[in-house]
Amino acid sequence: MNVKTFQELGLDQAWGDLHDMDYQVNGRANIEIRESLATVGDEHYHPCPEAYREGELRGTMHVFNDWDHVSIFAGTRRRLAVYLPPESAVRGPLNLLICNDGEGYRFDKGAIRAPAVLDNLFAAGELGPTAAVFVMPGIPDGFDATVPGQLPNPVVNRQRSVEYDSCTPAYGEFLLEDVLPFVERELGIALTTDAGRRAVCGISSGGICAFNAAWHFPGSFGRVISHCGSFVNIRGAHNFPYLIRSTPRKPIRVFLQSGELDADIVTGSWSLANQQMAAALDFAGYDYRFEFGTGGHNLRHGGALFADTLRWIFRA
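Residues numbered from 1 in each chain as written. Predicted model: local features only at pLDDT ≥ 70, side-chain atom pairs only at ≥ 80, totals over all residues. Heavy atoms only, no water.

1. Re the nonpolar core
No. 1: Membership of the largest hydrophobic core comes to 54 residues, with the highest contact counts inside it found for Val-133, Val-179 and Phe-211.
No. 2: Here Val-179 is in contact with Trp-67, Leu-80, Val-133, Val-135 and Phe-174, once residues within four sequence places are set aside.
No. 3: In this structure, Ala-51, Tyr-105, Ala-132 and Cys-201 belong to the second largest nonpolar core, which totals 29 residues. (Core = buried A, V, L, I, M, F, W, Y, C linked by side-chain atoms within 4.5 Å. Buried < 20%, exposed > 50% of the residue type's maximum accessible area, 1.4 Å probe, protein only. Contact = heavy atoms within 4.5 Å.)

2. Points about helix H6 (residues 170-187)
Note that an α-helix has 3.6 residues per turn; residues three or four places apart therefore point the same way.
No. 1: Helix length check: H6, at 18 residues, gives a terminal C-alpha distance of 25 Å against a target of 26 Å (1.5 Å per residue), a fit within 8%.
No. 2: At Val-179, H6 shows its strongest bend, of approximately 30°, with the proline Pro-181 following within four residues.
No. 3: The complete set of buried residues in H6 reads Tyr-171, Gly-172, Phe-174, Leu-175, Asp-178, Val-179, Leu-180, Phe-182, Val-183 and Leu-187.
No. 4: Taken from the residues just after H6, Gly-188 is the one with a positive phi, measuring 65°. (Helix = DSSP H or I, 4+ residues; strand = E, 2+ residues; numbered from the N terminus. Expected span 1.5 Å × (residues − 1). Bend = angle between axes of the 7 residues up to and from the residue.)

3. Some remarks on the environment of Trp-15
No. 1: Mapped onto the elements, Trp-15 comes out in helix H2 (residues 15-18).
No. 2: Counting along the chain gives 219 residues from Trp-15 to Ile-234, while the straight-line C-alpha distance between them is 6.6 Å.
No. 3: Not counting the four nearest positions on each side in its chain, Trp-15 is found in contact with Tyr-23, Val-25, Asn-30, Val-266 and Thr-267.

4. Focus: the pattern of salt bridges
No. 1: Counted under the stated rule, the structure contains 14 salt bridges.
No. 2: Taking the shortest distance from any N to any O, the salt bridge between Arg-289 and Glu-291 comes out at 2.9 Å.
No. 3: Given the relative accessible area of 16%, Arg-289 is considered buried.
No. 4: On the basis of relative accessible area, Glu-291 is assigned to the partly exposed category, the value being 22%.
No. 5: Note that Arg-289 is salt-bridged to Asp-308, the shortest N-O span being 2.8 Å. Of this pair, Arg-289 sits in strand E13 (residues 287-293) while Asp-308 sits in helix H11 (residues 306-313); the two residues are 19 residues apart in sequence, bridging distant segments of the chain.
No. 6: Each member of the salt-bridge network shares a partner with another, and the members are Asp-17, Arg-158 and Arg-235. (Salt bridge = Lys/Arg side-chain N within 4 Å of Asp/Glu carboxyl O.)

5. Some words on the pairing of strand E9 (residues 223-227)
Each regular strand displays side chains that alternate between the two surfaces of the sheet.
No. 1: With five of five residues buried, E9 lies mostly within the body of the structure.
No. 2: Because side chains alternate across E9, one face comprises the buried residues Arg-223, Ile-225 and His-227, and the other comprises Val-224 and Ser-226, equally buried.
No. 3: Where strand E8 (residues 198-203) and E9 come together, five bridges link them in parallel fashion. Bridge pairing in E9 places Ala-199 opposite Arg-223.
No. 4: Both E9 and strand E10 (residues 253-259) contribute to a ladder of five bridges, which runs parallel. Following the sheet pairing, Ser-226 is matched in E10 by Leu-256.
No. 5: Regarding topology, helix H8 (residues 240-246) serves as the crossover connection from E9 to the parallel E10, and that connection is right-handed. (Pairing = 2+ DSSP bridges. Right-handed = clockwise from strand over helix to strand, strands pointing away.)

Pasting the structure below:
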């Protein structure tokens, strides 16, 4: 296909940049994704036992609101939060877990509750001292996260898509050049440089973002956790199965999760896309695990498996 035809078909632009969520084609619209956010298939999923704690965290949380120490996504601010294991464990370089859409992963009433899981796995001797960095998408300067009526701001939604759905090295560079140096400097810690002890995690667009960071920087991020990853045609991630099959295997370990009632909208079927990813990883001989359940486009299944996921992803 030549460039002119590619552009005439609109394949060089993301659907969400051109149309509102309720724009219909063939009687269907992307707003239908809401139907997959909570489904009957999720009702039997509950946070893993390690997500529950008694009393306060053994580790500590450090929160930076309106953090804007950025060069890669200049002109944005975001919330950045960091979990550190108990002070007595912070001696040598720490394992690293990065969570995109970080608030959803650290919320103590949510499906994941990552700080509690890390606390309990460390206390049980099942995981070495691990720092978790919870990174929210950027909010462009001059804009608020919501618009009147407390609806998501489309400008902010687009920024998240640009950061998470783009298949360029930019997000990995953002982590390596902006986020991690700030965390080490500000908190006076050392993070491991062993890619096998550094994981990036996310849901939906955050899941493809996690895979994309490892794909471009396997020497820095050797572990991927993707929940309901958006390996569909938003900004090119539907090409990853072909790229996995047709290029030399990279030294990354990948955990994928999706479900029968995952999103199915104009831009693609998440269930099928994740099955395609799993098939490609298997074909190319990757170290991967695919959990395909009954649920929808949310973290409930991923939360039920989260402690086991961390044990698997960080195993020797």
